[in-house]
Every structure is written in structure tokens, then in C-alpha cells.
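Secondary and tertiary structure notes
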Amino acid sequence: MSEQPLPREIRCVLVPVGDLRLLLPNATVAEVITLTTPEPVAGAPDWLLGRIAWRGWRVPLVSFTKLAGAPEGDSELSMRVAVLKAFGENAELPFVAVLTQGFPRLTTLNAELIIPTHDGKPLPRGVKAQVLVRDDVAMIPDLEGIESDVTQLLQAS
């Protein structure tokens, strides 16, 4: 079996979270929905806002800004939820939701358009990399790490 070449371009989404932008592959985003009141999770840290009902699932809702210790952004913008497909092998956690402000923006990128901007300082919690995408600074979230943390918290509650 021969190796498949990497695609020249990748369809991505820039998801606004507070004053940050998350850069995700388009295929990761299952749906963007209106924020509903989450069901609290006992003993959860402030970044795990609770669980929301979505298509028959109770999906954990994460505040990425609280997780990463970043500014919350403009509270006047409408709050939405980006439901993300989980990367992990946990059949009980196939989705994780992230609180967003405004609407995600579709973009097509290639390797030349993504420029690492990391200055050597430790990255915030939940961040795998910081990059410059055209004129936007974006964070590539550590979705596997976030999923692992959420799974441990939900098992403990």
C-alpha cells in the first residue's frame, strides 16, 4: 500500500473564543449551536461549564478562555457553542463543546499560510501551538489533552 500524499490545502475554521481565535480542521466542527444553560458537573473547575443537551448526547461544555487563562472578550457578542468531534477512543465522550463568541470563519490554508509565532514561553493550558494565519494570531488547541482532562473530571463526579 502506497502512502497518500498530504493535501496541499486544508479547509479550516477560525473559532472566536474571547480575544482568541482557535484554529481547527473544518472536519472537527460537528455543528455551531445557540448556547443553552448547561447542567452543572459537581466539583468541576470553572473552565468546565457543565453539560449541554445536543442530539441525544450530554456534551461537556468547555470555556477555553478560562482553561487557558485568557481574556473573556466582548460580553456583548452573542454566545454560541461549537460542538467538536472528539479525537479520543472514549465511546462515552464522542463530542466536546467549546463556548464561542460570534461565528466561526471558514478558511482554506496551506503550510505556507501558517506561521508559528511561539516565543519560547510556556504555552497556556490547553494550547498545542500559537500561529499566525494571514493577519490573525490563532491557537491550535490541545484537543486530546482537553478531552483527557474532561474524561477524568466526569469520571470523578
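This report concerns the structure included in the present document. Just so you know, the residues in each chain are numbered from 1, in the order the chain's sequence is written. Since the coordinates come from a predicted model, pLDDT governs what is reported: local features require at least 70, and pairs of side-chain atoms require 80 or more to be given and counted, while whole-chain, interface and lining totals use all residues. To obtain the side-chain values, all non-hydrogen atoms of the structure were used and water was disregarded.

If you tally the helices and strands in the chain, you get two helices and 11 strands. All radius of gyration figures rest on C-alpha atoms, and the globule criterion is 2.2 Å times the number of residues raised to 0.38. Computed over its C-alpha atoms, the radius of gyration of the chain comes to 16 Å, within 12% of the 15 Å expected for a compact globule of 157 residues. Dimensions of the chain along its principal axes, counting C-alpha atoms only, are 45 × 45 × 30 Å. Any two residues whose heavy atoms approach within 4.5 Å are treated as being in contact. Of the contacts formed within the chain by residues at least 6 apart in sequence, a portion of 57% connects residues at least 24 apart. Numbered from the N terminus, helices here are DSSP runs of H or I no shorter than four residues, and strands are runs of E no shorter than two.

Glycine aside, the phi torsion of most residues is negative, and most peptide linkages are trans. Its identity as a non-glycine residue notwithstanding, Arg55 has a phi of 50 degrees, on the positive side. Tracing the backbone through its elements, the reader meets Arg55 in the loop between strand 4 (48-54) and strand 5 (57-62). The exposure class assigned to Arg55 is exposed, which follows from its relative accessible area of 62%. For the exposure calls, accessible area comes from a 1.4 Å probe over protein chains only, and a residue counts as buried if that area is under 20% of its type's maximum, exposed if over 50%, partly exposed in between.

Strands sit in the order 3-6-7-5-4 across an open sheet of five strands; the sheet is mixed. Each of the sheet's edge strands pairs with one partner strand only, and the pair in question is strand 3 (29-34) and strand 4. Each adjacent strand pair in this sheet contributes to an overall mean axis angle of 30 degrees, direction not counted. In this analysis, strands are considered paired if DSSP registers two or more bridges between them. Angles shown run from 0 to 180 degrees and are taken between the N-to-C directions of axes, each axis being a line fitted to C-alpha atoms and, for helices, limited to the stretch in contact.

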